[in-house]
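The residues making up each chain are set out below.
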Amino acid sequence: MSNISKDVLNTVNKKAGKSVTEKDIQKLASGVKPSTIRNEKQLRQLIKQVAGMVKVPVSEATINEIVSAVQKSGMNPNNLESLMKMMMKK
């Protein structure tokens, strides 16, 4: 996995209590573009996709918090690993 470290994958699996493979994340990440992070509607869809992948329900309030945090962070939208780490803190 080129952009996503084993630590992130292990954190996802530990937090979710599910087994998510590198291939699962790569498939999801392949559709993510820098514009996805900047577009609120697309970002919300990405959050829902990640939640669905690990079968963890995410409330609308939590989605709002993640969207707000991403927008305020000024993070590099090309760095999916940073986004995943931020999401795992929620």
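Above: the structure in question.
Values in this document were obtained by computation on a predicted structure and should not be read as measured data.

> What is the right way to read the nonpolar core from this model?
If you look at soluble globular proteins, the nonpolar side chains tend to sit buried side by side. Leu-28, Ile-37, Leu-43, Leu-46, Ile-47, Val-50, Ile-63, Ile-66, Val-67 and Val-70 form the largest nonpolar core, which has ten residues in total. Looking at this core, the elements with two or more residues in it are α4 (40-54) and α5 (60-73).

> Any chance you could explain α4 here in plain terms?
Count 3.6 residues to each turn of an α-helix, and residues three or four apart come out pointing the same way. The end-to-end C-alpha distance of α4, which contains 15 residues, comes to 21 Å, matching closely the 21 Å that a straight helix rising 1.5 Å per residue would cover. Structurally, the start of α4 carries an N-cap: the backbone nitrogen of Lys-41 is 3.0 Å from a side-chain oxygen of Asn-39. Just downstream of α4 lies Lys-55, where phi reads positive at about 55 degrees.

> Before we go on, may I ask you to explain the pattern of salt bridges in this structure?
Once their charged atoms are close, side chains differing in charge can pair, the charge on each being opposite to the other. Scanning all chains against the criterion turns up two salt bridges. Two residues, Glu-60 and Arg-44, come together in a salt bridge whose shortest N-O distance is 2.9 Å. Here the residue Glu-60 occupies a position in helix α5, and Arg-44 occupies one in helix α4, the gap between them amounting to 16 residues. Classification of Arg-44 by relative accessible area gives buried; the value is 18%. One network of salt bridges, with partners in common, ties together Glu-40, Arg-44 and Glu-60.

Analysis parameters
- Within each chain, residues carry numbers counting from 1 in the order of the written sequence.
- Local features in this predicted model are restricted to residues of pLDDT 70 or higher, and side-chain atom pairs are both shown and tallied only at a pLDDT of 80 or more, whereas totals for entire chains, interfaces and linings draw on every residue.
- As a convention, hydrogens and water are excluded, and side-chain values are obtained from all of the structure's heavy atoms.
- The definition of a nonpolar core used throughout is a set of buried Ala, Val, Leu, Ile, Met, Phe, Trp, Tyr and Cys residues joined through side-chain atoms within 4.5 Å.
- Relative accessible area decides the class of each residue, using a 1.4 Å probe on protein chains only: under 20% of the type maximum gives buried, over 50% gives exposed, and in between gives partly exposed.
- Helix and strand assignments come from DSSP, with helices taken as H or I runs of at least 4 residues and strands as E runs of at least 2, each series counted from the N terminus.
- A helix's residues, less one, multiplied by 1.5 Å, set its expected span.
- Residues adjacent in sequence count toward polar contacts only when both atoms are side-chain atoms; beyond that, a polar contact is any pair of N or O atoms within 3.5 Å, and within protein one must be able to donate a hydrogen and the other to accept it.
- A carboxyl oxygen of Asp or Glu within 4 Å of a side-chain nitrogen of Lys or Arg is what we treat as a salt bridge.

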